[in-house]
Amino acid sequence: MQLRKECIAMLLAGGHGSRLGVLTKNLAKPAVPFGGKYRIIDFTLSNCINSGIDTVGVLTQYQPLILNNYIGNGQPWDLDRLHGGVSILPPFIRGKAGEWYKGTANAIYQNMHFIESFSPEYVLVLSGDHIYKMDYSKMLEHHKHMNAGCTIAVIRVPIEEASRFGIMDVREDGFIHAFEEKPKAPKGDLASMGVYIFNWRKLREFLLSDEADPASANDFGKNVIPAMLKAGERMVAYRFTGYWKDVGTVESFWEANMDLLKPNLLNLGDASWRVYSRNPVKPPHYVSPGSRVRHSMLTEGSVIYGFVEDSVIFHGVRIGENARVRGSIVMPDAIIGDGAVVEYAVVGEGAVVGPGASIGEGTDSGGIAVVGSGVRVGGGAAVPAGAVVEEDIAGSESLFGEVRA
């Protein structure tokens, strides 16, 4: 018999992340490498343990192998517990029937048995694809203080981006008056962060009702939250003022990595709120006498012979002589050949950029160029700003529509 837990977390980590394109071709979005030595999911898992929440169900679905192996027994996040800890929860067959998770609410519904095994009073529902540091225990105290049935973390976003989020209309007393999921013409800028705290008995009631509705999309934003509002439940907003980034697009993913170069935005060196990760054993990074590194992050096992500026370099990366990397993200074990130029780009894990090749341009105004994981860009080839390379390019070829001499 499991020990009772006051609050457990359910972490939704099964998303495809289609807007990240080739970066999620072979892995789930929460497993995408981030910030030199992390994966996106590290931030949410670290928030949980730092907030005193030691029981986490991770709901996986799309391309789960790498994510499942990465999380493992949860040891890096101190979630390898005898009672609680981290549990991987994929869809499964019941009797003679089974189905994929149909939506965020259905994913929780299919795992009610897991939740009830801990008899929690509260359930924290999280997304595994956001970059932020947040103390969920303070949100839980707010939830209790307001005697809420559901508390939703909210943050102000630029109005031009508001249509990407669920937008709240909140009264002065903190209660949610109205909610629109990804409105085409948003009336406000107070966005849901995809962080919810529910009273478990109340959430269970609405999950059962939602599952019984054949017309429902079985989604929290589209169905469950509006249904709770319509029923007059006590719905409370918890305002968050720290750094938070939805890295659902290539542009936002690139921006979030670049933000790490500004410690005043998101300080990874904060000893009071560490971000934990599972890291390979690599030797120290090496910077050669003829190289130059400015305003960048370098990680273990990287070898630098060229010039690096305003960039995030992951473990095992090799940057050749006279190569230039600027305003870019170079993922694990990628190779940048001698004399190559990489500007305002994301180079995927294990990709090879041949000698003299060029990726992107000297400004991000044309968009971020992306080279997929394991892709080889031949020597002398050119990839323009905003281009996405999914397959190998032979040497001296160009995506500009011409062939270099």
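Refer to the preceding data block for the structure.
Chemist: What should I look at first to understand the overall build of the chain in this one?
Modeler: Across its full length, the chain holds 8 helices and 33 strands. For 405 residues, the compact-globule estimate of 2.2 N^0.38 gives 22 Å, and the chain sits close to it at 22 Å. Split into buried and exposed, the 405 residues of the chain put 55% on the buried side. Sequence separation of at least 24 residues holds for 56% of the intrachain contacts in the chain that already meet a minimum separation of 6.

Chemist: Could you clarify how one ought to interpret unusual backbone geometry in this entry?
Modeler: Phi is mostly negative for residues that are not glycine, and the peptide bonds are mostly trans. Despite not being glycine, Asn 147 has its phi angle at roughly 50°, a positive value. Tracing the backbone shows Asn 147 in the loop between α5 (136-145) and β10 (150-156). Although it is not a glycine, Asn 322 adopts a positive phi angle of roughly 60°. Looking at the secondary structure, you find Asn 322 in the loop between β22 (318-319) and β23 (324-326).

Chemist: Before we go on, may I ask you to explain helix α7 (residues 220-230) in this structure?
Modeler: Residue pairs spaced three or four apart in an α-helix point in one direction, given the helix's 3.6 residues per turn. Turning to α7, its buried residues are Phe 220, Gly 221, Asn 223, Val 224, Ile 225 and Met 228. One side-chain oxygen at the N-terminal end of α7 lies 2.9 Å from the backbone nitrogen of Gly 221; it belongs to Asp 219. Looking one or two residues beyond α7, the residue adopting positive phi is Gly 232, at roughly 80°.

Chemist: Teacher, can you tell me more about the sheet that holds strand β31 (residues 376-377) here?
Modeler: Within a sheet, neighbouring strands are paired by backbone hydrogen bonds and run either parallel or antiparallel to one another. Here 6 strands make up an open sheet; going across it, the order is β16-β19-β22-β25-β28-β31 and the pairing parallel. The open sheet has two edge strands with one neighbour each: β16 (286-287) and β31. Direction of pairing for strand β25 (residues 335-336) relative to strand β28 (residues 352-353): parallel, over a ladder of 2 bridges. Bridging from a neighbouring strand, Ile 336 pairs with Val 353 of β28.

Chemist: Would you explain the side chain of Asn 106 in this entry?
Modeler: Checked against the element boundaries, Asn 106 lands in helix α3 (residues 104-109). Among the polar contacts made by the side chain of Asn 106, one reaches the main-chain amide nitrogen of Lys 102 at a distance of 3.0 Å. Excluding residues that lie within four positions of it along the chain, Asn 106 makes contacts with Glu 99, Trp 100, Tyr 101, Glu 211 and Asn 218.

Chemist: Would you mind showing me how to read the layout of surface pockets here?
Modeler: Approximately 1,100 Å³ is the volume found for the largest pocket. Lining the largest pocket are 39 residues, with Thr 104, Ser 127, Asp 129, Lys 182 and Asp 219 positioned closest to its centre. Those elements giving two or more residues to the lining of the largest pocket turn out to be α3, β8 (122-127), β12 (176-181), β13 (190-199), α7 and β15 (244-246). It is β13 that provides the largest number of residues to the lining of the largest pocket, a total of 4 residues.

Chemist: Can you walk me through the sheet that holds strand β32 (residues 382-383) in this structure?
Modeler: Pairing is parallel across the open sheet formed by 6 strands, whose spatial order is β17-β20-β23-β26-β29-β32. Across the chains shown, the open sheet's two edge strands, defined by having one partner strand only, are β17 (292-294) and β32.

Chemist: Would you mind showing me how to read the packing of aromatic side chains here?
Modeler: Two aromatic rings are characterised by how far apart their centres lie and by the angle between their planes. One pass over the full model with this rule turns up 13 aromatic pairs. Measuring from ring centre to ring centre gives 5.3 Å for Phe 114 and Phe 118, while their planes differ by 70°; the resulting arrangement is edge-to-face. For the pair formed by Phe 114 and Phe 118, the shared burial category is buried. Consider the rings of Tyr 132 and Phe 240, whose centres lie 6.5 Å apart with planes at 85°: the pair is edge-to-face. Of this pair, Tyr 132 sits in strand β9 (residues 130-132) while Phe 240 sits in the loop between β14 (235-239) and β15, and the two are 108 residues apart along the sequence. Accessibility classification places Tyr 132 together with Phe 240 in one group, the buried group.

Chemist: Explain the packing of helix α6 (residues 200-211) against α7 to me, please; I cannot follow it from the model alone.
Modeler: When two helices pack together, their arrangement is captured by the angle between the axes and the distance separating the axes. One can describe the packing of α6 onto α7 by two numbers: an axis separation of 10 Å at closest approach and a directional angle of 120°. Relative to α7, the element α6 is oriented oblique. Judged by the sense of rotation from one axis to the other, the crossing of α6 with α7 is right-handed. Contacts from Lys 202, Leu 203, Phe 206, Leu 207 and Asp 210 in α6 reach Phe 220, Asn 223, Val 224, Ala 227 and Met 228 in α7.

Cut-offs applied
Once a new chain begins, its residue numbering starts again from 1 and follows that chain's sequence as written. pLDDT decides what is reported in this predicted model: residues at 70 or higher carry local features, side-chain atom pairs at 80 or more are listed and counted, and totals for whole chains, interfaces and linings draw on all residues regardless. Side-chain numbers come from the whole structure's heavy atoms, not from hydrogens or water. Numbering of helices and strands starts at the N terminus; helices are DSSP runs of H or I of at least 4 residues and strands are runs of E of at least 2. Two things to know: the radius of gyration comes from C-alpha atoms, and the globule rule equals 2.2 Å times the number of residues to the power 0.38. Three labels apply to residues, based on accessible area from a 1.4 Å probe with only protein chains included: buried if under 20% of the type maximum, exposed if over 50%, partly exposed otherwise in between. When checking whether two residues touch, look at their non-hydrogen atoms; a contact exists if any pair is within 4.5 Å. Distance and chemistry together define a polar contact, namely a pair of N or O atoms within 3.5 Å, with one atom able to donate a hydrogen and the other to accept it when in protein, and with adjacent residues in sequence counting only for side-chain atoms on both sides. Paired strands are those between which DSSP finds at least two bridges. In the cavity and pocket records, a cavity denotes points on a 1 Å grid over the protein atoms alone where a 1.4 Å probe fits but cannot get out, a pocket denotes an open set with protein on both sides within 12 Å along at least 5 of 7 lines, and lining residues are residues with an atom within 4 Å of a point. Grid points are joined across faces, edges and corners, and a volume is the space filled by probe spheres set on the points. Here a Phe, Tyr or Trp ring, Trp counted by its six-membered ring, pairs with any other such ring whose centre lies within 6.5 Å, and the pair is stacked when the planes are under 30 degrees apart, edge-to-face when over 60, and tilted otherwise. All axes are obtained by fitting lines to C-alpha atoms, using only the stretch in contact for helices, and the reported angles, taken between N-to-C directions, cover 0 to 180 degrees. Each angle gets one of four labels, with under 35 degrees taken as roughly parallel, over 145 as roughly antiparallel, 65 to 115 as roughly perpendicular, and the rest as oblique. Put simply, a crossing is left-handed when the front helix is turned counterclockwise from the back one by less than a right angle, and right-handed when it is turned clockwise.

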